[in-house]
Amino acid sequence: MELKLWFSFLLLNVIYDVQSQSASKWIANMPTNIPVLQGSCVVIPCIYTYPKPTSKRILNRWKGFWMKGKTIVSTNIPKWKLTEEYKKRTQFLGKLQGRNCTMLLDAVRPTDVGPFYFRIEMPQYKSFSYPNTVTIDVKSNPEPPSMSVRVYDKVTASCSVTHSCPTILPRFSWSHPGSVSSRSKKLNTWQWETESTLTFVPQTTDSNMPLSCTVLYRGGKRAKSSIIISI
Ligand SMILES: *[C@@H]1O[C@H](CO)[C@@H](O)[C@H](O)[C@H]1NC(C)=O
């Protein structure tokens, strides 16, 4: 066999193996650890697979549970009575039948470290608790935001933070008036960046004035950074 052909043959086999494996095993994919600011929220990304059932019975009434030990943290079952600890703080965001077990945990407490794991129950087939877990590294204080300033005819200042809560974004305030815009982007499966940009035309009185940006996170924590503008 020619070398090139041989390689593509190998490659095809590797791809095939990965696909057939993921479709025939109990695998849950989630980060092992997520840093989260106390009081804020976190969206725990999760997808799972299960072995294809041999019988052709229709699978319905699926139940998905996020667990901490024996405690149910979140479920897709509507009106399920959660314990006081997690009541109204979690939301099962994923479409369970779409192999998505993503969960939101809000108002994160110092005790919310986990480990959390996912369990699926398919009454016409099987139940399974996935062995991998996710822990949360609860931070009691936020980092100061990153700041940068450009001065031409106008002053353009940017202030940005990374966070885990895309549903309630951090809010920014500036020490100087001007026009403000903000944008967010996803950095990876569990982290977002939100940036605020301030633009204003500098006056001579603005020279050597500190410009500061304060960020207010979901849950009420604040952080601030300052920079001296030299004009
Ligand atoms: C899983 O569900 C969440 C919440 O709806 C969604 O944001 C995410 O994109 C989904 N993940 C995949 C891999 O489909």
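In case you missed it, the structure is sitting above this.
Residues numbered from 1 in each chain as written. Predicted model: local features only at pLDDT ≥ 70, side-chain atom pairs only at ≥ 80, totals over all residues. Heavy atoms only, no water.

A. Representation of the site of the ligand. Taken together, Ile47, Leu93, Asn100 and Thr102 make up all the residues around the ligand. One nitrogen or oxygen atom from the side chain of Asn100 is found 2.3 Å from an oxygen atom belonging to the ligand. Considering the ligand on its own, with 370 Å² of exposed area, one finds that the protein chains cover 38% of that surface. In the shell around the ligand, the residues fall into two nonpolar, two polar and no charged. (Near = heavy atom within 4 Å. Polar contact = N/O pair within 3.5 Å; in protein donor to acceptor, adjacent residues only side chain to side chain. Areas by Shrake-Rupley, 256 points an atom, 1.4 Å probe, with all protein chains shown as cover. Nonpolar A, V, L, I, M, F, W, Y, C, P; charged D, E, K, R; others polar.)

B. Geometry of the sheet that holds strand β5 (residues 63–68). With antiparallel pairing, the four strands of this open sheet are ordered in space as β6-β5-β9-β10. With partners counted over all chains shown, the strands left at the sheet margins are β6 (71–75) and β10 (127–129), one partner each. Sheet twist, expressed as the average angle between the axes of neighbouring strands with direction ignored, equals 25°. Where β5 lies against β6, four bridges are found, and the strand directions are antiparallel. Considered in β6, the bridge of Met67 is made with Ile72. (Pairing = 2+ DSSP bridges. Helix = DSSP H or I, 4+ residues; strand = E, 2+ residues; numbered from the N terminus. Axes fitted to C-alpha atoms, helices over the stretch in contact; angles between N-to-C directions.)

C. Examining the sheet that holds strand β15 (residues 179–188) more closely. An order of β12-β13-β16-β15 is seen for the four strands of this open sheet, with the pairing classed as antiparallel. Either end of the sheet is taken by a strand with one partner, and the two such strands are β12 (146–151) and β15. Between one strand and the next, the sheet's axes are offset by a mean angle of 15°, whatever the strand orientation. In this structure, strand β13 (residues 155–163) lies alongside strand β16 (residues 191–200), joined through nine bridges in antiparallel fashion. Across the sheet, Thr162 pairs through a bridge with Glu193, a residue of β16.

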